[in-house]
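Residue-level listing of the chains:
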Amino acid sequence: MLKGIPSILSPELLKVLCEMGHSDRIVIGDGNFPAESMGKDAIVIRCDGHGVPELLDAILQVMPLDTYVEKPMNLMEVMPGDPVETPIWDTYKEIVAKHDKRGAACVGNIERFQFYEEAKKAYAIIATGESAVYANVMLQKGVVIN
């Protein structure tokens, strides 16, 4: 056990976050996200039973977002005509505001199929049990400055 590390961050996930370098990306996928097929060239970490918000909050406690890009955090856009509501996005924006001074301004959207293409290039994908739809998040790691 370690002090100051959120307990939701497993040793495997901590190792991956540590291995990631500046501009590497990690996806936190909802329960419907095809983590295994998208992650054929990535490290897939199972976090079944956990939701995206608590993982996002824990990760942002130990990993900075990239300050060299305008939108280092991206959400999967809702498909045109899909009547789905995405209140979880407001939760994400509150979480990022706690950890990055840019707040919601650093959050962007990526069209669904482009999100999948970008996810295939991610360093890692976290598979969660999140039941909200369109709850996928892609984070781009920044530089750690002490």
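Preceding block: the structure.
Structure report, in brief. (Residues numbered from 1 in each chain as written. Predicted model: local features only at pLDDT ≥ 70, side-chain atom pairs only at ≥ 80, totals over all residues. Heavy atoms only, no water.)

Turning to the side chain of Thr86, a few remarks are in order. With respect to the secondary-structure elements, Thr86 resides in the loop between strand E3 (73-76) and helix H4 (88-99). Judged by its relative accessible area of 16%, Thr86 falls in the buried class. Excluding residues within four positions of it along the chain, Thr86 makes contact with Val78, Val133 and Tyr134. (Helix = DSSP H or I, 4+ residues; strand = E, 2+ residues; numbered from the N terminus. Buried < 20%, exposed > 50% of the residue type's maximum accessible area, 1.4 Å probe, protein only. Contact = heavy atoms within 4.5 Å.)

This paragraph deals with the nonpolar core. Judged by nonpolar contacts, the single largest core of 47 residues is most densely connected at Phe33, Met73, Tyr92 and Leu139. With 6 residues, helix H3 (residues 52-62) is the largest single contributor of residues to this core. (Core = buried A, V, L, I, M, F, W, Y, C linked by side-chain atoms within 4.5 Å.)

Read from one edge to the other, the open sheet built from 6 strands follows the order E2-E5-E1-E6-E3-E4, with strand pairing classed as mixed. Among the strands making up the open sheet, the edge pair consists of strand E2 (43-47) and strand E4 (107-110). Going across the sheet, the axis of each strand differs from the next one's by a mean of 20°, ignoring polarity. Strands in contact with H4 are E3, E4 and strand E6 (137-140); relative to E3, the strand with the most contacts, it is inclined by about 175°. The sheet contacts of helix H5 (residues 112-119) involve strand E1 (25-29), E3, E4, strand E5 (124-128) and E6, and relative to E3 the element is tilted by about 130°. (Pairing = 2+ DSSP bridges. Axes fitted to C-alpha atoms, helices over the stretch in contact; angles between N-to-C directions.)

In this section: the packing of aromatic side chains. A full pass over the atoms with the stated rule returns 3 aromatic pairs. For the pair Phe33 and Tyr116, a centre-to-centre distance of 5.8 Å together with 40° between the ring planes defines the contact as tilted. Of this pair, Phe33 sits in the loop between E1 and helix H2 (35-38) while Tyr116 sits in helix H5; the two residues are 83 residues apart in sequence, bridging distant segments of the chain. Note on accessibility: Phe33 and Tyr116 belong to one class, buried. Aromatic side chains Phe113 and Tyr116 sit 6.1 Å apart centroid to centroid with 65° between the ring planes, which places their arrangement in the edge-to-face category. With Phe113 and Tyr116 both in helix H5 and 3 residues apart, the pair spans about one turn of that helix. Relative accessible area serves as the criterion here: at 44%, Phe113 is assigned to the partly exposed category. The buried category is assigned to Tyr116, whose relative accessible area is 14%. Grouped by ring-pair contacts, the aromatic residues Phe33, Phe113, Phe115 and Tyr116 constitute a single cluster. (Phe/Tyr/Trp six-rings, centres within 6.5 Å; stacked < 30°, edge-to-face > 60°.)

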